[in-house]
Protein chains: 6
Amino acid sequence: MNTGFVVFGGTANPRLADAVTREMGVATGAAEVERFPDGELTVRLEESVRGKEVFIVQSTCPPVNDHLMELLAFADAARRSAAGRITAVVPYFGYARADRRNQRREPITASLVAALMQAAGIAHVVTVDLHTPQIEGFFSIPVDTLSAVGALVDDLRGRLDPATVVVSPDAGRVKLATEYALELDAPLAVLHKRRQSGSETEVTQLVGEVEGRPCLLVDDIISTGGTLVQSVRALQAAGATEFRVAATHGLLLRDALGRLAAEGVAEVLVTDTVPLPPASEGSPVRVATVAPLVAGVIRKLLYGTPPAR
Amino acid sequence: MNTGFVVFGGTANPRLADAVTREMGVATGAAEVERFPDGELTVRLEESVRGKEVFIVQSTCPPVNDHLMELLAFADAARRSAAGRITAVVPYFGYARADRRNQRREPITASLVAALMQAAGIAHVVTVDLHTPQIEGFFSIPVDTLSAVGALVDDLRGRLDPATVVVSPDAGRVKLATEYALELDAPLAVLHKRRQSGSETEVTQLVGEVEGRPCLLVDDIISTGGTLVQSVRALQAAGATEFRVAATHGLLLRDALGRLAAEGVAEVLVTDTVPLPPASEGSPVRVATVAPLVAGVIRKLLYGTPPAR
Amino acid sequence: MNTGFVVFGGTANPRLADAVTREMGVATGAAEVERFPDGELTVRLEESVRGKEVFIVQSTCPPVNDHLMELLAFADAARRSAAGRITAVVPYFGYARADRRNQRREPITASLVAALMQAAGIAHVVTVDLHTPQIEGFFSIPVDTLSAVGALVDDLRGRLDPATVVVSPDAGRVKLATEYALELDAPLAVLHKRRQSGSETEVTQLVGEVEGRPCLLVDDIISTGGTLVQSVRALQAAGATEFRVAATHGLLLRDALGRLAAEGVAEVLVTDTVPLPPASEGSPVRVATVAPLVAGVIRKLLYGTPPAR
Amino acid sequence: MNTGFVVFGGTANPRLADAVTREMGVATGAAEVERFPDGELTVRLEESVRGKEVFIVQSTCPPVNDHLMELLAFADAARRSAAGRITAVVPYFGYARADRRNQRREPITASLVAALMQAAGIAHVVTVDLHTPQIEGFFSIPVDTLSAVGALVDDLRGRLDPATVVVSPDAGRVKLATEYALELDAPLAVLHKRRQSGSETEVTQLVGEVEGRPCLLVDDIISTGGTLVQSVRALQAAGATEFRVAATHGLLLRDALGRLAAEGVAEVLVTDTVPLPPASEGSPVRVATVAPLVAGVIRKLLYGTPPAR
Amino acid sequence: MNTGFVVFGGTANPRLADAVTREMGVATGAAEVERFPDGELTVRLEESVRGKEVFIVQSTCPPVNDHLMELLAFADAARRSAAGRITAVVPYFGYARADRRNQRREPITASLVAALMQAAGIAHVVTVDLHTPQIEGFFSIPVDTLSAVGALVDDLRGRLDPATVVVSPDAGRVKLATEYALELDAPLAVLHKRRQSGSETEVTQLVGEVEGRPCLLVDDIISTGGTLVQSVRALQAAGATEFRVAATHGLLLRDALGRLAAEGVAEVLVTDTVPLPPASEGSPVRVATVAPLVAGVIRKLLYGTPPAR
Amino acid sequence: MNTGFVVFGGTANPRLADAVTREMGVATGAAEVERFPDGELTVRLEESVRGKEVFIVQSTCPPVNDHLMELLAFADAARRSAAGRITAVVPYFGYARADRRNQRREPITASLVAALMQAAGIAHVVTVDLHTPQIEGFFSIPVDTLSAVGALVDDLRGRLDPATVVVSPDAGRVKLATEYALELDAPLAVLHKRRQSGSETEVTQLVGEVEGRPCLLVDDIISTGGTLVQSVRALQAAGATEFRVAATHGLLLRDALGRLAAEGVAEVLVTDTVPLPPASEGSPVRVATVAPLVAGVIRKLLYGTPPAR
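Residues numbered from 1 in each chain as written. Chains lettered and ligands numbered in written order. Predicted model: local features only at pLDDT ≥ 70, side-chain atom pairs only at ≥ 80, totals over all residues. Heavy atoms only, no water.

K.L.:
Can you walk me through the interface of chain C and chain B in this structure?
P.N.:
Accessible area lost when the parts come together is the quantity often used to give the size of an interface. Contacts between the two partners involve 38 residues from chain C, matched on the other side by 38 residues from chain B. When chain C packs against chain B, close to 3300 Å² is buried across both sides, 53% of that on carbon and sulfur atoms. Glu136(C) is the partner of Arg101(B) in a salt bridge, and the nearest nitrogen-oxygen pair spans 2.9 Å. The interface formed by chain C and chain B includes 10 residue pairs in polar contact (both at pLDDT 80 or more). Listed by contribution, the elements that provide at least two residues to the side of chain C that touches chain B are strand 7 (143-146), helix 5 (174-184) and strand 9 (188-195) of chain C. Broken down by class, the residue content of the side of chain C that touches chain B amounts to 15 nonpolar, 10 polar and 13 charged. (Contact = heavy atoms within 4.5 Å. Buried area = accessible area lost by both parts, 1.4 Å probe. Salt bridge = Lys/Arg side-chain N within 4 Å of Asp/Glu carboxyl O. Polar contact = N/O pair within 3.5 Å; in protein donor to acceptor, adjacent residues only side chain to side chain. Helix = DSSP H or I, 4+ residues; strand = E, 2+ residues; numbered from the N terminus. Nonpolar A, V, L, I, M, F, W, Y, C, P; charged D, E, K, R; others polar.)

K.L.:
Got a minute to help me understand the relation of the copies chain C and chain B in this structure?
P.N.:
Relating one copy of the chain to the other requires a rotation about an axis plus a shift along that axis. Of the transformation superimposing chain C on chain B, the axial component is 0.0 Å and the angular component is 180°, with the fit at an RMSD of 0.0 Å. Both copies of the chain, as the preceding transformation shows, are related through a two-fold rotation axis. Relative to the rotation axis, the C-alpha of Phe138(C) is the closest in chain C, positioned 2.4 Å from it. (Least-squares fit on C-alpha atoms with pLDDT ≥ 70 in both.)

K.L.:
For this particular structure, what's the right way to read helix 8 (residues 291-303) of chain C?
P.N.:
For an α-helix, the turn length of 3.6 residues means that residues three or four places apart are oriented alike. All names here are of chain C. An ideal rise of 1.5 Å per residue puts 18 Å on 13 residues; helix 8 measures up with 18 Å between its terminal C-alpha atoms. Where helix 8 is concerned, the buried positions are Ala-291, Val-294, Ala-295, Gly-296, Val-297, Ile-298, Leu-301 and Leu-302. Residues of helix 8 that are buried sit in contact with strand 1 (5-9), helix 1 (14-24), strand 4 (53-57), strand 5 (86-90), strand 6 (124-128) and strand 7. (Expected span 1.5 Å × (residues − 1). Buried < 20%, exposed > 50% of the residue type's maximum accessible area, 1.4 Å probe, protein only.)

K.L.:
What is the right way to read the sheet that holds strand 6 of chain C from this model?
P.N.:
Strand pairing in a sheet takes place through backbone hydrogen bonds and is either antiparallel or parallel in direction. Residues and elements named next belong to chain C. Here five strands make up an open sheet; going across it, the order is 1-4-5-6-7 and the pairing parallel. Single-partner strands in this sheet number two, and they are strand 1 and strand 7. Averaged over neighbouring strand pairs, the angle between their axes works out to 15° when direction is ignored. Sheet topology places strand 4 next to strand 5; four bridges connect them, and they run parallel. From the neighbouring strand, Val-54 faces strand 5, where its bridge partner is Ile-86. (Pairing = 2+ DSSP bridges. Axes fitted to C-alpha atoms, helices over the stretch in contact; angles between N-to-C directions.)

K.L.:
Help me understand the interface of chain B and chain A in this model?
P.N.:
Contacts between chain B and chain A engage 51 residues on the former and 51 residues on the latter. For the pair chain B and chain A, the summed buried surface comes to about 4000 Å²; carbon and sulfur atoms form 55% of the total. Counting the surface chain B buries against chain A, the share from its top three residues, Glu40(B), Met69(B) and Arg105(B), is 18%. Where chain B touches chain A, the interface holds four salt bridges. In this structure, Glu106(A) and Arg44(B) form a salt bridge, with 3.2 Å as the shortest nitrogen-oxygen distance. Scanning the region where chain B abuts chain A turns up 20 residue pairs in polar contact (both at pLDDT 80 or more). Where the side of chain B that touches chain A is concerned, the elements lending two or more residues are strand 3 (41-45), helix 2 (64-80) and helix 3 (109-119) of chain B. For the side of chain B that touches chain A, the leading source of residues is helix 2 of chain B, giving 11 residues. Of the residues assigned to the side of chain B that touches chain A, the class counts are 24 nonpolar, 11 polar and 16 charged.

K.L.:
Looking at this structure, I do not really get the nonpolar core. What am I missing?
P.N.:
A general tendency of soluble globular proteins is for nonpolar side chains to be buried together. Residues Met117(A), Met117(B), Met117(C), Met117(D), Met117(E) and Met117(F) are the most contacted members of the largest nonpolar core, which totals 247 residues. Non-local contacts of Met117(F), meaning those with residues more than four positions away in its chain, are made with Leu68(F), Leu71(F), Leu72(F), Val90(F), Phe93(F), Ile122(F), Val125(F) and Phe139(F). (Core = buried A, V, L, I, M, F, W, Y, C linked by side-chain atoms within 4.5 Å.)

K.L.:
Quick question: what am I supposed to make of the relation of the copies chain B and chain A here?
P.N.:
Least-squares fitting of chain B to chain A yields an RMSD of 0.0 Å, with the superposition described by an axial translation of 0.0 Å and a rotation of 180°. Mapped onto chain A, 100% of the interface residues of chain B are again interface residues, and the two copies thus contact each other with one and the same surface.

K.L.:
What's the story with the pairing of strand 3 (residues 41-45) of chain A in this structure? I'm lost.
P.N.:
Residues and elements named next belong to chain A. Counting buried positions over the five residues of strand 3 gives five, a clear majority of the element. By the alternation rule, side chains of strand 3 split into Leu-41, Val-43 and Leu-45 and Thr-42 and Arg-44, which are all buried. As defined by bridge partners, strand 2 (residues 31-35) adjoins strand 3 across five bridges and the pair is classed as antiparallel. Each bridged residue has a counterpart across the sheet, and for Arg-35 the counterpart in strand 3 is Leu-41. Hairpin connection from strand 2 to strand 3: five residues lie between these consecutive antiparallel strands, with Gly-39 at a positive phi of about 90°.

K.L.:
How do you make sense of the arrangement of the chains when you look at a structure like this?
P.N.:
The two units chain A and chain D remain apart, with a minimum C-alpha distance of 17 Å. At the C-alpha level, the nearest point of chain B lies 17 Å from chain E, with no contact between them.

K.L.:
Looking at this model, I keep getting lost on the sheet that holds strand 1 (residues 5-9) of chain D. Mind explaining?
P.N.:
Residues and elements named next belong to chain D. With parallel pairing, five strands are arranged side by side in an open sheet as 1-4-5-6-7. The sheet is open, and its two borders are formed by strand 1 and strand 7 (143-146), each paired with just one other strand. Across this sheet, the average inter-strand angle for adjacent strands is 15°, counted without regard to direction. On the sheet, helix 2 (residues 64-80) packs against strand 1, strand 4 (53-57) and strand 5 (86-90) and is oriented at approximately 165° with respect to strand 5.

Dropping the structure here:
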């Protein structure tokens, strides 16, 4: 009988939450997150959610455990306040790379996170460019994975040297690179790491041709940028001439921007799924926004037209 | 068919985990917790747990969200490695004070934490002096709540002035204070806070008689010590002459020890459920250990004799 | 697509159910509860509930197991008849005092009851003055706990001797007593029971000052009134001069009213969450109604304005 | 690591529980069931169950809701005390006839009961002659349904007139009657009720031949005996000469024995799954025991040889 | 917020799905079922289901496992696409006869199927003439079981010889036969199978009188018709003169129609819950439709008036 | 208390089940799978499983839905017979390629299958070379994924031309190809499909160098071999000289072997996770066994030493 909806923004990326609600022409829901001296946090929803659709915009970017727990507490507060359907909008899904066991006795933390979200009463998840599409299957609830590749390619198109080669920095990103290459009508090269047999040293090998050509390295997440630095060096060794990087999620930890600039990377293009690190001014970073994409999917969840994909 | 057990220690309080396994005459299980630059963590169990009873000793003390997530990851790793029964030994249970909603639209985070633990495959919980006994009912799995009051009273007995009054610092701790008063054969006084009607100022009121007598203030958790400082002042105003504090869990945040000393508190007695803050030397703190208590309950869980309570 | 709602009343307190629907200006839903010679019961909903919000008003007062099973059967019937959201309105929540284990190997029956309600398809609970607020955390569904203290205080205000002391009959009710004391701007006294060390005899001790003053004893539930009788005697011994009792839930078993009157209790004020015992006429009992409170929360659940608390 | 087992007996049929443990050569587990003045009950297990297999012998005979709640409380107590596998031994399964909806908006209480048992932590059920075998499918846990027909037939064999006809008192018991008829090498007759078309009066019709022959009416449960009385009259009208009744569960409510005797029933043979009503001496009742059957299945659950069926 | 509904038809009986939507005056939802060379199948919903009520019409007739898996895949696709309530309309419910264990260590496949349906996100089931009504209790979700007996009887009425006897082909169908007998105002006869004591040969025995009379054999499912053939022979031996068969679900496997015709069965009346076998032309089969019945219940689920039963 | 284990083999690949039990030195568990004329199946366990560890060896190869349903029925039978831990040994995991949604409104059937297995009571899964490692995360129970790459490489080693290039037939298999390349100390090439921008035609592009060299194409599953045929043609066009194929799971549908031979493939190396198609004699197929691998992991699950990986 109750109707309506509320879009709350957690503390992980309040600027994005506000951009989303601005796109939608509504106000961000009133809520307060309190942190106690012992690090415990609580959430107070300051408007009624009874029977309403509740959206909680919260990237689980660093500090990941705090942002995840805040999201779960938001959901628990909404559930106990008799909210209707609770949708977690998690533009950056932390722990996504923990999607399988690398060694025998490890957690699959992305699957654990899916279980925790469902245990907290979350009934729908919206996210952007999951590290692997299989993560959707960790959930038994609907997951809408939006692709920011279109927005990133739109930003790149017309600005790139036509000779540019799209480069996958490792074997796991070949599909993503194929997608960029197709959209940009560019050739593909693949880097992959291998240990020399009988040795522990890992070397980066190149499959494809980059000599004398500019390169666009693509990835889903830039954490400290370490892999990209190695990739740039391998491409330089193979004669590549210019370097750009495009990635959906720019965590950009530990002065990643500075280190990439130092390797001669001319541009780092990311989206606003996570906030830029402080003091990134002056660095070659460029930000495309996912706010219209996210606002669009929320509108479609509310009014029933399916989002483009 | 498999048998045996492993006791792992998380990173929250490795000293206690080692004290527990030393009490039991076994080695702490080999495991590694790795933290990545983005704050994500993973766990690697370095010995087989197939079919074994697994105990994970991990207080969820500050940083509470990291320690909780580590515990859940430990459990997920053990579950996926085909462990037998997984028991979380959580001497200090973080978020325990979030055991009800103070205002309408809040989470009940302690209940949420119980749900998360069960979602991660934990089948049994051992803890010490829960903030309220009702928290056991948040779980559908067995919870063994050990009491450290006996250990604390043992340490106090014989050292206290016989005229000492046991003081509950607020209405919620009267039962705990009654327990101490009975064990120490001492009278009881109760502080309670109330707002003056028509005003927002909260004043601390005393019920009972403390004039000219030494006081033992008792609590379950000392966080920043703010309530205790107010309590000491109220008791001083009522003519009390000496102050000691006993509490199970000494978080002792934000120089709590220094502030209590400054109010004239002669001794702060806590247990080792959480590690002491660095640089607590020179302060009037005294630590009783719960390691034998915890080791005892694990032994009894393994060999079937029920723990004393 | 279906809309609408139905408010059914179980057999525990049909008068309250009717008072609630009368407040709401609707008819109580048609249903029949049949009891067979062997004590089994069944429920027949005599109007369609497909897609409707269903409210079942049923206190789980004595005979508690029959009333609980009837509530669960109501919920099962509604669920199997494709009801929308099923809300149990349980003004008196039986087994609420079984909210923790007093000894080691006991059930936590209030938590069990929460699990049973959820297993039967109940999606929301409305109740009045739970014995402890932590019981909300036994549920993963929303629980609205209404407070009847306001209604009771409204009834008392102006009628009480200004010298009245509010008395908590044991350590567990100090918070409730504080609430009354604040609302009535009255001082507080606390009774607590303790065993003499080395003895099995339990004595009631008084903290606070009552000599020559009238007392208002407050509690959430009056069962047989045994504790209150002891409390009155202890207060008499301490020189108190007049006795009134206020409590939300008046089970008033085993001639509790007669026994309290015999101790000189001038008035027993309760609400109508449970029906009065037969033959309570002539006794000093007075009843405030919770019907407007309950009707209010149902209206707000239906139409979305949050209930005052 | 813990081993062993405990067989507890609830208050529904302590004599049977003791007969079972005597058969097994062990003592019934020590436990106390306390009933409070308000009808709430609690259970205290007075011996350790940590890691042990726990069997709770409790028929859910009248008062069915009390006996069911007691069983659930037993299970909750065992679960919270870290019992191993909890098996409910429910020789008489109350609400078994509520195994489907007769009208549209009713509960299926037997299925609800199955859900409640599983919600309380019961992991295995042992029962005797379920009203319909489909009830096993209400559970996702193992259900062992023992048949008492063998024991009842053994008691009858040799004592019956060779001309005896086995009679099913209604359409739903034809399969059971077929089983008796086969075992006793006797012919079969079927009574069934039907309303005259266009009328509300239900008449009992006979299919088969009974003239001049003694009849054995068989059923699973005798409640008040009303159907049997009608059946005897219909058989008398058809010329039958003598009447015996055999049934597994003899609730024998409301002087069923007296009424059957008054109709000329020479013998009512039941088992001890439920206790005989008081003052059944002098009546034509005869009791066969299921204790060896129940003891046998428990032994087999413990030691792994499957029970005969 | 989203509204509306979609009725999809699986590949088991597309003609019935279309008849149902035609009755409702809507188009069958657009969806494609793809089968890969390895026998795996997938489903693509070709219209939005966000927030809509989704009905999936899919009998689980042979090949039963393929049709069941298709239904579950449909549900999973709808759930992951954020459908509102998902209702499985399963006119013929495969595995319904596997509703209990005949021997000790068997599955109860009908109960397993219920669990699988619920695990796939199905929230409501509509079916026709379940083999036993207890199957409803295998579910914790609403099950609407429609009866096709009315439609079949309507078709028969006026066409039957007034001397016709309704015959139950075994002990388990006596209730169904009673229903037909009452509706048709006809007498009843019962066949039942029994083994001779001391022998393995099963013989069919007749209870009731059929000599010189036409017989209507009734059943819920005709699989290969084997039992019916035996029944006809037993009735012929007892002097019956004419044979008709009425059953809700006509699987009619292995030339059942031909074999029944060869025994002299004049008519086999079934419904369209399952498609007729190919090449049934020329056989004495007659089909009544359940489409109005199914369309009616869907309309009532959508608009809230309860279906007649 | 019960101990022991049983290894059952389903009908999908009885030869492998027998090879596994032979390796273990035990007999395959006695069980019968019955298929009815209507395609329904049932399972009868012919030896006791009470309290035992149960292993069910059943690849879900074509007909995949029948083999899956048989596995679930096996599990249900074991669960209802009070088995201890039930482990599904699924060497070939059908629907593994349905691990994500390719289009918006599809099921994630591999995740659905995981849910169904858990709903049927399966507590542990053992499988071989899952299509993607993320599938482990679809389960909340332990999954042991064995790798057959070692066995396949062992078979190849020494027989391959040292100039051989390892070829990944598409972007998704690059990681697998890297593994082979490392083990065989061979270079890598990658084929990937892309649509020409503005066109619907998909072309296969080669990254890497194969001219004049023999190629080893590697994959996890060979279904009809269509992709491999295209790959061989693309490699031929690039000047490669010889072709071998290695894959774990050889479904080899629709004369895949004949078609690969016709393209000049000299050898197709697979394992026995699925049975060879009939009439594969004379074709260039070669089979390595996984029986020791599977037997090893079962032994380790029983006796606690972790399997090598």
